[in-house]
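Structural characterization, general
Okay, here's what each chain looks like letter by letter:
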Amino acid sequence: MILAHIDQNKQSLNRTRPLRYFILPLGCQMNSSDTERITSVLEDMGYEPTSHEDEADLLGVVSCSVRQKAIDRVYGRIHQWNKWKDKRSLITFVSGCILPADEKKFLKLFDLLFKIDDLPRLPDIFDQYGMVTPIRGISRKRAGIRTDFDTHFWDIQPKYSSPFQAFVPIQNGCDKFCTFCAVPYTRGREISRGSKDILNEVGRLVEKGYKSITLLGQNVNSYGHDKKEDAYFFKDLMEDIGKIGTASKKDFWVYFTSPHPRDMTRDVLETMAKYPCLANNIHLPLQSGDDRILKKMNRSYTINHYENIVRWVREILPLATLFTDIIVGFPDEEEEHFLGTRQAMDQFQFHMAYIAQYSPRPGAVSARWEDTVSANTKKSRFRILTTDLMRVASAQNEKQAGKILPVLIEAEGRKKGFLMGKTEGRIPIRIASSDKSLIGSFALVRVTKSLSLSLEGEVDSLLPAGFLQNPS
Ligand code: SF4
């Protein structure tokens, strides 16, 4: 449902120049991906992008209800934007992850609130409320605007923010109900995108020469389980994407995030081993190294189960890097539980761990519980675990020193004279080169130094075409 309260006095936007939009995406990659589709619809409607919010006529935020910092930013921005309304005409909107309890509050502050599912109806909503749009008055058909109410937001062709890296949503919502997370309440239950759509989008990206494609979802490896009639699951999707890679003979890597340990099956890993385009990187959130805390988090797996998956990964994909997410200081986490997490860090030898200090998320079940671990203890556990991570990751990175690895060069480095890239395992690597023309392409890079969470290197040569499909 789209909810809106539009102040008719604010509709006479400045028509002496093109109308411009500015969107602030907050939170995770899913929100960034949604933003690419919102952008596409707005540009279809004739809006032009601006990176300066103070010159935009349409200001939007793709909100995240998961992080308190993101909520604070939403309020910070909308109060500022509403002040600007005293001086000029503008329209504000909010979309993304919004808790039902926040909807009422947001509606008092924003002109328009819509769920991402309602994106295809956005042009009609503008019309319905008599809002001025750049191409108002032109035939919608002629302007190429989709007004089909049956269109799903996944069918909207996104305006990718990068010419060589793309997110492809494969699923939305979550059925897992982890007690620290509000996603099932903001995005709803799991819905898988049609496999044909996904394969078409991946095929188009490969054709255009995209080098890195990330399949996105809250719980990617339960893909297909909501469509009882189909029996086409995550393994099947990976298999078909692998075939696209082989047929194309092009060089690209496909990643996925995030899988849930409970749904990780051996056949997904075996499929990854079969196809070179399915990149050697697994991001498998552990969250805690203690079964009692995992139970309290409602994670529905045990350390023993997680251990089995890591054993499969090492056996089937010996070169894969293993990333994880960990929360320290969850309610009732005692020293002995935390020691379990430290042991897990040692045992599983993660290449990267995104460690968070627990904070109650509005709307999540655990927000109703007492936050028993003090801020100081959380901070101290965070520091201890980060030091553990640096030790284990550093040992892994040392093994790469002296090797020549394919690297996707992604951006200029922070320091002049350097570029930044990532290995297939997504380890960041700083490359001594100022040749910006390399950004967006693969190169073979000689690793000259290993650091705790990254590498350094120099370009050996450009990657011969088709190298990744047939590395031997
Ligand atoms: S699996 Fe758990 S943490 Fe991930 S989105 Fe679902 S409820 Fe949230």
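Just so you know, the residues in each chain are numbered from 1, in the order the chain's sequence is written. With pLDDT at 70 or above as the cut-off, local features in this predicted model cover only qualifying residues; side-chain atom pairs require 80 or more to be listed or tallied, and sums for whole chains, interfaces and linings still use all residues.

**Some remarks on the pairing of strand β5 (residues 91-96)**
Here is the key point about a regular strand: its side chains alternate between the two faces of the sheet. For the exposure call, what matters is how many other C-beta atoms sit within 10 Å of a residue's own: 20 or more marks it buried, 12 or fewer exposed, and in between partly exposed, using C-beta atoms placed from the backbone. Only runs of H or I of at least four residues qualify as helices and only runs of E of at least two qualify as strands under DSSP, and these elements are numbered from the N terminus. Across the six residues of β5, six count as buried, placing the element largely inside the fold. Burial along β5 is two-sided: the face carrying Ile 91, Phe 93 and Ser 95 and the face carrying Thr 92, Val 94 and Gly 96 are both buried. By definition, the crossover connecting two strands over a helix is right-handed if that path, from the first strand to the second, turns clockwise as seen with the strands pointing away from the viewer. Between the parallel pair strand β4 (residues 58-63) and β5, the chain is carried across by helix α2 (residues 68-84), and the sense of this crossover is right-handed. The pairing of β5 with strand β6 (residues 112-114) spans two bridges and is parallel. Residue Val 94 lies in a different strand from β6, and its bridge partner there is Leu 113. Read as a crossover between parallel neighbours, the route from β5 over helix α3 (residues 100-109) to β6 is right-handed. Strands qualify as paired when DSSP identifies two bridges or more between them.

**Things to note about the packing of helix α12 (residues 335-348) against helix α13 (residues 375-398)**
Two quantities define a packed helix pair, namely the angle between the axes and the distance from one axis to the other. As a packed pair, α12 and α13 sit with axes 9 Å apart at the nearest point and diverge in direction by 15 degrees. Regarding the angle of α12 to α13, the classification is roughly parallel. α12 and α13 meet at a crossing whose hand is right-handed. Counting all contacts with α12, which are made through Phe 338, Thr 341, Arg 342, Met 345 and Asp 346, the residues of α13 involved are Arg 381, Leu 385, Asp 388, Leu 389 and Val 392. Polarity classes work like this: nonpolar for Ala, Val, Leu, Ile, Met, Phe, Trp, Tyr, Cys and Pro, charged for Asp, Glu, Lys and Arg, and polar for all others, with Gly in that last group. Residues belonging to the contact of α12 with α13 are distributed by class as follows: five nonpolar, one polar and four charged. Axes here mean lines fitted to C-alpha atoms, for a helix over just the part in contact, with angles spanning 0 to 180 degrees between N-to-C directions. Every angle not falling under 35 degrees, over 145, or within 65 to 115 is termed oblique; those three ranges are roughly parallel, roughly antiparallel and roughly perpendicular. Handedness of a crossing follows from how the near helix is turned relative to the far one, being left-handed for an anticlockwise turn of less than a right angle and right-handed for a clockwise one. Once C-beta atoms have been placed from the backbone, residue pairs whose C-beta atoms lie within 7 Å are recorded as contacts.

**Points about the nonpolar core**
Of all hydrophobic cores here, the largest spans 108 residues; its most connected members are Leu 58, Val 168, Val 254 and Phe 350. For Val 254, the contacting residues outside a window of four places in its chain are Ile 213, Leu 215, Ile 241, Cys 277, Leu 278 and Ala 279. Counting residues in hydrophobic clusters, the runner-up holds 12 residues, among them Leu 408, Ile 431, Phe 442 and Leu 455. Each nonpolar core comprises buried Ala, Val, Leu, Ile, Met, Phe, Trp, Tyr and Cys residues, the members being joined through C-beta atoms within 7 Å.

**Here we look at the site of the ligand**
Surveying the vicinity of the ligand reveals the residues Cys 174, Lys 176, Phe 177, Cys 178, Cys 181, Val 183, Pro 184, Gln 218, Asn 219 and His 260. Residue composition of the shell around the ligand, grouped by class: six nonpolar, three polar and one charged. A molecule or strand has a residue near it when that residue's C-beta atom, placed from backbone coordinates, lies within 6 Å of it.

**Examining the sheet that holds strand β12 (residues 281-283)**
Ordered in space as β12-β13-β14, the three strands form an open sheet in which the pairing is parallel. In this open sheet, the two edge strands, each paired with only one partner strand, are β12 and β14 (352-357). Here the strands of the sheet are splayed against their neighbours by 10 degrees on average, with no regard to which way each runs. Both strand β13 (residues 321-328) and β14 contribute to a ladder of six bridges, which runs parallel. The partner of Phe 323 across the bridge, within β14, is Met 352.

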